[in-house]
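# Secondary and tertiary structure notes
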Amino acid sequence: MDRPALKRLLADIEAGAIDIVVVYKIDRLSRSLMDFAKLLEVVDRKSVTFVSVTQSFNTTTSMGRLTLNVLLSFAQFEREVIGERIRDKIAASRRRGMWMGGFVPLGYLVKDRKLIINETEADLVRSIFKRFVKLGSDTKLARQLAQENARNHYGKLIDKGALYKMLNNRTYIGEAVHKGTAYPGEHQAIIERALWDKVHGILKESPRKRAQRNRVQSPALLKGLIFGPNGVPMTPTHTRKGGRLYRYYIATSALRSGVPDRSPIRRIPATEIEAAVVYQIKLLMQSPEIVVATWREAKQTVKGLTERQVSEHLRRFSEIWAELFPAEQARIVQLLVARVEVSTTGAGITLRTNGLGSLMHDLRANSEPQDRAA
C-alpha cells in the first residue's frame, strides 16, 4: 500500500480523474485480502469500474464478489506459501553453513556464492581483535581507527558501532548464524577461538567497569618530561565533571600556595599534548636520520643487523605501538623523549638518541612472532 504509483492512483480516484482501473491479474495490484478490500472500498465509493484482463468476473453481483474473494484468497495463500518455502530454504542452507547473501563482513569477499578470505583485509581484522584485547576499550580503539582512517570495503569509516558489530560477528570464527543459532560454516575462520574468547571475556564486563579499569591502567606518558615556557615543570593531574575524567598537565608553580603563578600556560589537556608527541615520534621514526642513528646504536649489540632491517622495523613502529599496553607505551616514551617544552606557539620535543638501541630491541622482540607466523 506504500507504493508511490499506487498512492498516485488512489489520489486520482479520489479526485474523480479515473473512470476505470485495468489490471493484468488482480493479484498484481495486491495479494492481501485486507488491503484489497480497502482498495475496493475506494473504487466503489467513487463508482470506478475495476477490470482484470485475464480474469472474468463482475463485482456488481454477489457471485462476482465471491469469485473475487476466492481468487484473492488463493493469491494470498500462494504468497504466504512462497514466503515459507524461501525462509525454510534459507534456514536449511544456513544450517549447512552456506553463505546466503547480505552484508559481506570485512576480511571476506564473495566468489561463486561463497565467502573467501581477503588476506589484506583479514590482517586488519586480526589486528583489530588483538588491539581490543590490549586496550580493553572499544571507545579508545574506535578513536585510534578513526585517526588511522581505517575503513571497511564499502568505504565507510570503522566507527564505534561498526567496531562493536565486528567484534560480535561469529562469521570471523567460521560460523554461520541464523536467527540467533550458530552453525559450522563452509568458509574459513579469520579469528582463532582463543582470541575470540578473550575478546568476549572483556565484552562481558560492563562498559563502566572497563572504562574505570582503563583509566587506572593509563599512566601519564609525559610525567617528568614536560616543561612550561619558563622551564617550570608540569605535573599530571585530573578532575571529574559530569561523571567523566579529564586529565591535564599543570605547572607546578600553580600548585604552590602563596606564590603567584606568572607562567603564561598554567595547564594543558593531557590527551592532546600526548597525542601530538606520539604523532611526532611516529613521523621521526620514518626519517633517514633516525634510521641511521638507530642502526648505529643497535648494531653494537646486534650482530649482522643491517640498515635495511632497521628501516623495516621502524616502519612498523605505528602498528606495534597500537598493540602495546599503556604501561609499555609510557616506557617507550620515557626511553625516547628527553624533554617536551611547551610554549604559547607550540611544543618542542628533544629525543634521546641513546634510547634508540633499546627501542630496536623492543621492536625486534615484538616483530619476531609476526615474522614466524608469516
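Below, the structure is looked at part by part. (Residues numbered from 1 in each chain as written. Predicted model: local features only at pLDDT ≥ 70, side-chain atom pairs only at ≥ 80, totals over all residues. Heavy atoms only, no water.)

This part takes up the sheet that holds strand β12 (residues 346–351). Sheet architecture is open: 3 strands sit in the order β7-β11-β12, paired in mixed fashion. Each end of this open sheet is capped by a strand with a single partner; those strands are β7 (226–227) and β12. Examined bridge by bridge, β7 and strand β11 (residues 337–343) share 2 bridges and lie parallel to one another. The residue bridging Phe227 from the neighbouring strand is Glu341, located in β11. The strands touched by helix α13 (residues 326–336) within the sheet are β11 and β12, with β11 carrying the most contacts at an inclination of about 85°. (Pairing = 2+ DSSP bridges. Helix = DSSP H or I, 4+ residues; strand = E, 2+ residues; numbered from the N terminus. Contact = heavy atoms within 4.5 Å. Axes fitted to C-alpha atoms, helices over the stretch in contact; angles between N-to-C directions.)

Looking now at helix α10 (residues 288–298). Every buried residue of α10 is accounted for by Ile290, Val291, Thr294 and Ala298. Down the axis, α10 shows its buried residues gathered within 100° of arc, on one side only. Opposite its buried face, α10 presents the exposed residues Pro288, Glu289 and Arg296, each directed more than 90 degrees away. (Buried < 20%, exposed > 50% of the residue type's maximum accessible area, 1.4 Å probe, protein only. Arc of directions from axis to C-beta.)

Judged by nonpolar contacts, the single largest core of 37 residues is most densely connected at Leu222, Ile226, Tyr249, Ile273, Met285, Leu314 and Leu359. Only α9 (270–284), α10, α11 (307–315), α12 (317–322), α13, β11 and α14 (356–373) provide two or more residues apiece to this core. Trp99, Val125, Ile158 and Leu203 belong to the second largest nonpolar core, which has 29 residues in total. (Core = buried A, V, L, I, M, F, W, Y, C linked by side-chain atoms within 4.5 Å.)

Here β11 pairs with β12 via 6 bridges, running antiparallel. By the bridge assignment for β12, Val342 is matched with Ala347. Linking β11 to β12, which pair antiparallel, is a turn of 2 residues.

Right, let's talk about the layout of surface pockets for a bit. Using a probe with the size of a water molecule, rolled over the atoms, empty space left in the structure can be pinpointed. Reported here for the second largest pocket is a volume of approximately 400 Å³. As for the second largest pocket, its lining consists of 19 residues, of which Phe103, Pro105, Lys165, Met166 and Asn169 are closest to the centre. For the lining of the second largest pocket, the secondary-structure elements that each account for two or more residues are α6 (160–167) and β5 (175–178). For the lining of the second largest pocket, the element with the highest residue contribution is α6, accounting for 3 residues. For the lining of the second largest pocket, the residue count by class is 10 nonpolar, 3 polar and 6 charged. (1 Å grid on protein atoms, 1.4 Å probe; cavity = no way out; pocket = protein on both sides within 12 Å on 5 of 7 lines; lining within 4 Å. Points joined across faces, edges and corners; volume = space filled by probe spheres on them. Nonpolar A, V, L, I, M, F, W, Y, C, P; charged D, E, K, R; others polar.)

Quick look at the sheet that holds strand β9 (residues 244–251) now. Sheet architecture is open: 3 strands sit in the order β8-β9-β10, paired in antiparallel fashion. Two strands in the sheet have a free side with no partner beyond their single neighbour: β8 (234–241) and β10 (267–269). Each strand of the sheet is rotated relative to its neighbour by a mean of 35°, with strand direction disregarded. Direction of pairing for β8 relative to β9: antiparallel, over a ladder of 8 bridges. Note that in β9 the partner of Pro236 across the bridge is Tyr249.

Before going further, it helps to spend a moment on the environment of Leu106. Mapping Leu106 onto the fold places it in the loop between α3 (62–95) and β3 (108–111). Beyond its immediate stretch of four places on either side in the chain, Leu106 contacts Glu121, Leu124, Val125, Arg151, Asn152, His153, Ile158, Met166 and Tyr172.

Now for empty space enclosed by the protein. The full count for this structure, using the stated rule, is 1 cavity of 30 Å³ or more. In this structure, the largest cavity occupies an estimated 40 Å³ of space. Leu9, Leu10, Ile13, Val21, Leu29, Leu39 and Val43 are the residues that line the largest cavity. Sorting the residues of the lining of the largest cavity by element identifies α1 (4–14) and α2 (33–45) as the ones contributing at least two each. When residues in the lining of the largest cavity are grouped by element, the largest group, 3 residues, is from α1. Of the residues that constitute the lining of the largest cavity, the class distribution is 7 nonpolar, no polar and no charged.

The subject of this paragraph is α11. Within α11 the residues assigned to the buried category are Val310, His313 and Leu314. The buried residues of α11 occupy one face: seen down the axis, they fall within an arc of 95°.

So, about the pattern of salt bridges. When charged atoms on two side chains of opposite charge get close, those side chains can pair. A full pass over the atoms with the stated rule returns 9 salt bridges. In this structure, Glu14 engages Arg45 in a salt bridge whose closest nitrogen and oxygen atoms are separated by 3.1 Å. Here Glu14, found in helix α1, pairs with Arg45, found in helix α2; they are 31 residues apart in sequence, far enough to count as distant. Classification of Glu14 by relative accessible area gives partly exposed; the value is 36%. (Salt bridge = Lys/Arg side-chain N within 4 Å of Asp/Glu carboxyl O.)

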